[in-house]
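Remarks on the overall topology
Here is how the chains run, residue by residue.
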Number of protein chains: 4
Amino acid sequence: MRILVTNDDGIQSPGILALAEQLSTIGEITVVAPDRERSAVGHSLTLHSPLRAEEVRPGFFAVDGTPTDCIHLGIHGLLEKRPDLVVSGINKGGNLGDDITYSGTVSAAMEATLMGVPAFAVSLAGDSFRYEDFQGAAAFSARLAEIMQKQTLPADTFLNINVPVPDYRGVWVTRQGKRIYEDVIVEKLDPRGRKYYWIGGGELGFHNIEGTDFHAIGAGYVSITPLHLDLTNYRSFQTLASWNLETMMSLGESGEGEA
Amino acid sequence: MRILVTNDDGIQSPGILALAEQLSTIGEITVVAPDRERSAVGHSLTLHSPLRAEEVRPGFFAVDGTPTDCIHLGIHGLLEKRPDLVVSGINKGGNLGDDITYSGTVSAAMEATLMGVPAFAVSLAGDSFRYEDFQGAAAFSARLAEIMQKQTLPADTFLNINVPVPDYRGVWVTRQGKRIYEDVIVEKLDPRGRKYYWIGGGELGFHNIEGTDFHAIGAGYVSITPLHLDLTNYRSFQTLASWNLETMMSLGESGEGEA
Amino acid sequence: MRILVTNDDGIQSPGILALAEQLSTIGEITVVAPDRERSAVGHSLTLHSPLRAEEVRPGFFAVDGTPTDCIHLGIHGLLEKRPDLVVSGINKGGNLGDDITYSGTVSAAMEATLMGVPAFAVSLAGDSFRYEDFQGAAAFSARLAEIMQKQTLPADTFLNINVPVPDYRGVWVTRQGKRIYEDVIVEKLDPRGRKYYWIGGGELGFHNIEGTDFHAIGAGYVSITPLHLDLTNYRSFQTLASWNLETMMSLGESGEGEA
Amino acid sequence: MRILVTNDDGIQSPGILALAEQLSTIGEITVVAPDRERSAVGHSLTLHSPLRAEEVRPGFFAVDGTPTDCIHLGIHGLLEKRPDLVVSGINKGGNLGDDITYSGTVSAAMEATLMGVPAFAVSLAGDSFRYEDFQGAAAFSARLAEIMQKQTLPADTFLNINVPVPDYRGVWVTRQGKRIYEDVIVEKLDPRGRKYYWIGGGELGFHNIEGTDFHAIGAGYVSITPLHLDLTNYRSFQTLASWNLETMMSLGESGEGEA
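Residues numbered from 1 in each chain as written. Chains lettered and ligands numbered in written order. Predicted model: local features only at pLDDT ≥ 70, side-chain atom pairs only at ≥ 80, totals over all residues. Heavy atoms only, no water.

**Considerations on the overall build of chain A**
- In terms of helices and strands, chain A carries seven helices and 13 strands.
- Dimensions of chain A, computed from the C-alpha atoms along their principal axes, are close to 75 × 55 × 40 Å.
- Buried residues in chain A amount to 60% of all 259 residues.
- For chain A, long-range pairs separated by at least 24 residues make up 78% of all intrachain contacts whose partners lie at least 6 apart in sequence.
- A total of about 9900 Å² of accessible surface is found on chain A, and carbon and sulfur atoms cover 48% of it.
- Distance between charge centres in chain A, computed from 20 positive and 33 negative side chains, equals 5 Å. (Helix = DSSP H or I, 4+ residues; strand = E, 2+ residues; numbered from the N terminus. Buried < 20%, exposed > 50% of the residue type's maximum accessible area, 1.4 Å probe, protein only. Contact = heavy atoms within 4.5 Å. Areas by Shrake-Rupley, 256 points an atom, 1.4 Å probe, with all protein chains shown as cover. Lys, Arg positive; Asp, Glu negative; His and termini not counted. Charge placed at Lys NZ, Arg CZ, Asp CG, Glu CD.)

Below you can see the structure in the form of structure tokens.
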């Protein structure tokens, strides 16, 4: 099995090193990862400037781009053969609830899915991030990779894995939960008297609802959330039907000409 | 009605100027937009460096960040009162199918939704982007804003609007379609002999399936797709149930200790 | 006379607009300037990523690079004919004493000199920077450009002009003065608890010595300092001669071989 | 002796590692260097965004800024005591002739000089840059550091050292030579049809004049060039005297007032 590995914490992160080591026991791995931290970059693609890829050691490519760039460049440029699986992580910290839309780690798995390659993202829902802290999640990832080699995911679907610390009691399939956002902006003055702003990091809560990723982690279980690329809210079609949008006719047809 | 306006083409783009002008006829607008083009940045948030906001003219703030940053900074920092609506656009080119996950324009509306503010993204599905080309989509946006003031969207839901050119025959509520990706990487050498790569721009196709955003645009209709923030693929739960993931027990419980 | 105009405050700065307008009365101008502020960038050249140049209006090119890049790109890429003169400015604030080594404005004139094009940098030694504040310095620049068209500077030499406010009593040829540096570093914590640092801006003094640029500005005179590219301190040769450096023989000759 | 070490090739470069190792045999070193390559950045200072410094291993700080920033931050922020010496290098490739004005390595020594700390920059004038290639220059640097501890440089003066390969025949005190610039701009189109430019790297020559840094390297000698911060071309004062600049009176005095 050929496995392409990336992350958003950067190619030096202990999380990707632990992951790569465990995956190398079950397949042939190539690491294509950002040259430095690129967290919270979402599904961001570098279109207007070129990318560099440096092979920092055999099979490890550092790219001056986003995780999404890394997957794109890996599959279409750096790897000789198409990978059988993409694994993104192990992220420093959980990727749970709506936060996954910001996550570079999750977006890399999304990119692989768009390219038709099975993928999962894996995150360590803890707060200590030494090399050894990632061992459990790395071993889990290797076993999941083996399962995915034999099984088939539904079309356009990938998995978002969160692993609790220090150990897990089992595995739950979950749905995406919901954060309670209480974000703030911190305003400051630089030494030259010009204002600047930090996007703040207030202590965030979440809705601890059964069946969600948050709930699984809280209960000590690995959370496996199947995600897809279709953001359509089908249940809101009925609501919109009542808006009589059909009456919003074109300027050309119903506008000034008829006035 | 207080309306916060942003985009991803930058505050100088004719699309946001046309939009702001039309919206100012129905509400009090504040523009908080990137100081330069930030397309394809996805749902990207700037956490590790600070942001600057310059009021380039009254009510127009240029920010050195992403569209998502602009919404965050606008709602929590720059606006005195919480806006009633966020409108993001008018984007130069359609935001259709899976491409919306890359879109800074759509991600700004997503961010507003996370903060509990009703929002829509609007894009011009054409290839000429002069100020006058945006007039039809801008007028449509103003009318939609008026409707949204009276109606209530389902929770956690926002609208992705695409407007065809040169005019539209009506309005369809659609689901998110699917692109056919044929991306390539272009490899080159710089004058110093070092390789670099462009993420290529091959001519892309799409699945022209009835009910999708692509199909509406192709038929000359405005496409309104209700989107939500839940990426869970509920229909794949059954598939995963058959994987016997429960057998993947923790290292601590079933691993070396028992060997 | 063909004049290439740049600055480091960015192509939108009132200083370059006032300068371009006045110079256009005596020659044919092309503006190639940074798309945004690039002050304190020194003699910085962009070698490892490519540059973009957008003609924002006829004869005005905005470049996503440094002032030095702008001169390079202007002379070798964008201008059809080699310019007769390069003028860089008008800078918001004086470029006096050792500070010129940091200055993007002065470095642009240095770059032109390396390419064999006569050049001067011009700065407004004031603290109000509206369009009208630059008129005196702009008019002075136009007259100096006319003089430089008839005169010849020594080889590898360019001029650094500082204009006092609100008006000047005359013109002095000066030497580069010396600042008293009292810089500080400001240490802070971001909302995520990570340290960051600002290079501080303490109120700086200078040695008010007769004959220097500082002294001219203090006395209300335009300061014209002829600069060259030779940083050699010839007077220190004698000091170094006494160091017996000749005894520092190569490892190969005197080192391991003799052991 | 406390020695602050930096470079412009980045903290991972073998040149700075070889240098730090040799200097640690004669003093207490702290490395404060850019987190990645920052060559050709000149005397560039980061004033409008903050800096980060990460202690990647004891006594080694990686900074997301320029070499000049590193010196500033090192002396005023990170080091507990003021260093006795700053050494910048060992640069991958010579810093000879006018090129020193672009050099981040040389500019770091310039910054130290502005802060009153003795300094030298050191470059390897070769084209192979493995760890072992830097050993000769590193050993030379350690011996020069010892000499500089006992000797006193003239005020505002620092040394620019270039070491030839594979070995050197002796040491010459030189003056700054002159390059022959033949730069070109390479124009290209990206995959989306937009132009971009590379600042080209034509094969450059130089004036092989006796007494210059170029000549020393060509003859197999270490080149030591004493540099200062005074760019004034004193010899051009006479030329400028003949320009009758005194007649360029102020607009206020000779302009509207006399009309």
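**A look at the confidence of the model for chain A**
- Residues of chain A with pLDDT of at least 70 account for 94%, and the chain-wide mean is 92.
- Overall, residues 250-259 of chain A carries pLDDT values under 50, and its contacts beyond four positions in sequence, including any with other chains, amount to 16 contacts. (pLDDT = per-residue confidence, 0-100.)

**Re the UniProt feature "binding site: a divalent metal cation" (unreviewed entry) in chain A**
Residues and elements named next belong to chain A.
- In the UniProt entry, the feature "binding site: a divalent metal cation" (unreviewed entry) is given for Asp-8, Asp-9, Ser-39 and Asn-91. Considering the C-alpha atoms alone, the annotated residues occupy 84 residues of sequence yet fold into one spot, their largest mutual distance being 9.2 Å.
- Tracing the sequence through the fold places Asp-9 in the loop between β1 (2-6) and α1 (14-23).
- Discounting chain neighbours no more than four positions away, the residues touching Asp-9 are Arg-36, Glu-37, Ile-90, Asn-91 and Lys-92.
- Summarising the element assignment, Asn-91 is placed in strand β5 (residues 85-92).
- The exposure class assigned to Asn-91 is buried, which follows from its relative accessible area of 7%.
- Not counting residues up to four positions away in its chain, the partners in contact with Asn-91 are Asp-8, Asp-9, Thr-105, Val-122, Ser-123, Leu-124 and Phe-134.
- Reaching out from Asn-91, the side chain makes a polar contact with the backbone oxygen of Gly-93 at a distance of 2.9 Å. (UniProt positions renumbered as here; feature names shortened; annotations may be inferred. Polar contact = N/O pair within 3.5 Å; in protein donor to acceptor, adjacent residues only side chain to side chain.)

**What about the interface of chain B and chain C?**
- Every contact between the two is made by eight residues of chain B and, on the other side, eight residues of chain C.
- Across the chain B to chain C interface the summed buried area is about 800 Å²; carbon plus sulfur atoms make up 48%.
- Of all residues in chain B, the largest losses of buried area upon contact with chain C belong to Leu-47, His-48 and Arg-192 of chain B, amounting jointly to 45% of the total for that side.
- Taken together, chain B and chain C are joined by four residue pairs in polar contact (both at pLDDT 80 or more).
- Class assignment of the residues belonging to the side of chain B that touches chain C gives a composition of two nonpolar, two polar and four charged. (Buried area = accessible area lost by both parts, 1.4 Å probe. Nonpolar A, V, L, I, M, F, W, Y, C, P; charged D, E, K, R; others polar.)

**Re the relation of the copies chain A and chain B**
- At an RMSD of 0.0 Å, chain A and chain B line up after a rotation of 180 degrees and a shift of 0.0 Å along the axis. Taken together, the turn and the small shift mark the pair as related by a two-fold rotation axis. Minimal C-alpha separation from the rotation axis in chain A is found for Gly-42 of chain A, amounting to 2.6 Å.
- Interface overlap between copies is the fraction of interface residues in one copy that are interface residues in the other; for chain A against chain B it reaches 100%, indicating a shared surface. (Least-squares fit on C-alpha atoms with pLDDT ≥ 70 in both.)

**Considering helix α2 (residues 67-78) of chain B**
- Helix length check: α2 of chain B (twelve residues) gives 14 Å between terminal C-alpha atoms against 16 Å at 1.5 Å per residue, more than 12% under.
- For α2 of chain B, the buried fraction is high: ten of the twelve residues fall into the buried class. (Expected span 1.5 Å × (residues − 1).)

**Overview of the interface of chain A and chain B**
- Tallying the contact residues gives 90 residues for chain A and 90 residues for chain B.
- Taken together, the two surfaces of chain A and chain B that pack against each other cover about 8200 Å², and 64% of this comes from carbon and sulfur.
- At the junction of chain A and chain B, the tally comes to four salt bridges.
- Between Asp-190 of chain B and Arg-52 of chain A there is a salt bridge, and its shortest N-O distance comes to 2.9 Å.
- Linking chain A with chain B are 36 residue pairs in polar contact (both at pLDDT 80 or more).
- In terms of residues, the side of chain A that touches chain B owes the most to one element, helix α4 (residues 135-150) of chain A, which gives eight residues.
- Here the side of chain A that touches chain B is composed, by residue class, of 44 nonpolar, 28 polar and 18 charged. (Salt bridge = Lys/Arg side-chain N within 4 Å of Asp/Glu carboxyl O.)

**Remarks on helix α4 (residues 135-150) of chain C**
- Relative to the 22 Å expected for 16 residues at 1.5 Å per residue, α4 of chain C spans 24 Å between its end C-alpha atoms, a close match to the ideal helical length.
- Among the residues of α4 of chain C, Ala-137, Ala-138, Ala-139, Phe-140, Ser-141, Ala-142, Leu-144, Ala-145, Ile-147 and Met-148 of chain C are the ones counted as buried.

**Considering the sheet that holds strand β7 (residues 157-164) of chain C**
Residues and elements named next belong to chain C.
- On the basis of which strands lie adjacent, the open sheet formed by nine strands has the order β3-β4-β2-β1-β5-β6-β7-β13-β8 and mixed pairing. The outermost strands of the open sheet, each flanked by one partner alone, are β3 (53-57) and β8 (171-173). The average angle at which neighbouring strand axes cross in this sheet is 25 degrees, direction not considered.
- Those strands touched by helix α3 (residues 104-114) are β1 (2-6), β5 (85-92), β6 (119-125), β7 and β13 (222-228), and its axis lies near 170 degrees from that of β6. (Pairing = 2+ DSSP bridges. Axes fitted to C-alpha atoms, helices over the stretch in contact; angles between N-to-C directions.)

**Regarding the environment of Pro-83 of chain D**
All names here are of chain D.
- You can see Pro-83 is positioned in the loop between α2 (67-78) and β5 (85-92).
- Sequence separation between Pro-83 and Arg-57 is 26 residues; the distance between their C-alpha atoms is 19 Å.
- In this structure, Pro-83 is in contact with Arg-2, Leu-4, Ile-75 and Val-117, ignoring residues within four places of it in sequence.

**Quick notes on the pattern of salt bridges**
- One pass over the structure, following the stated rule, counts 36 salt bridges over all chains.
- Taking the shortest distance from any N to any O, the salt bridge between Asp-35 of chain B and Arg-38 of chain B comes out at 3.9 Å.
- A relative accessible area of 29% means that Asp-35 of chain B is categorised as partly exposed.
- Between Glu-132 of chain D and Arg-130 of chain D there is a salt bridge whose closest N-O contact spans 3.5 Å.

**Some remarks on the relation of the copies chain B and chain C**
- Superposing chain B onto chain C takes a rotation of 180 degrees plus a shift of 0.0 Å along the axis, which leaves an RMSD of 0.0 Å.
- Most of the interface of chain B is mirrored in chain C, where 100% of its interface residues are also at the interface.

**Some details on the UniProt feature "domain: Survival protein SurE-like phosphatase/nucleotidase" (unreviewed entry) in chain A**
- Summarizing the sequence annotation, UniProt attributes the feature "domain: Survival protein SurE-like phosphatase/nucleotidase" (unreviewed entry) to residues 3-182 of chain A in the numbering used throughout.
- The span residues 3-182 of chain A carries 27% helix and 27% strand; its end-to-end C-alpha distance comes to 38 Å.

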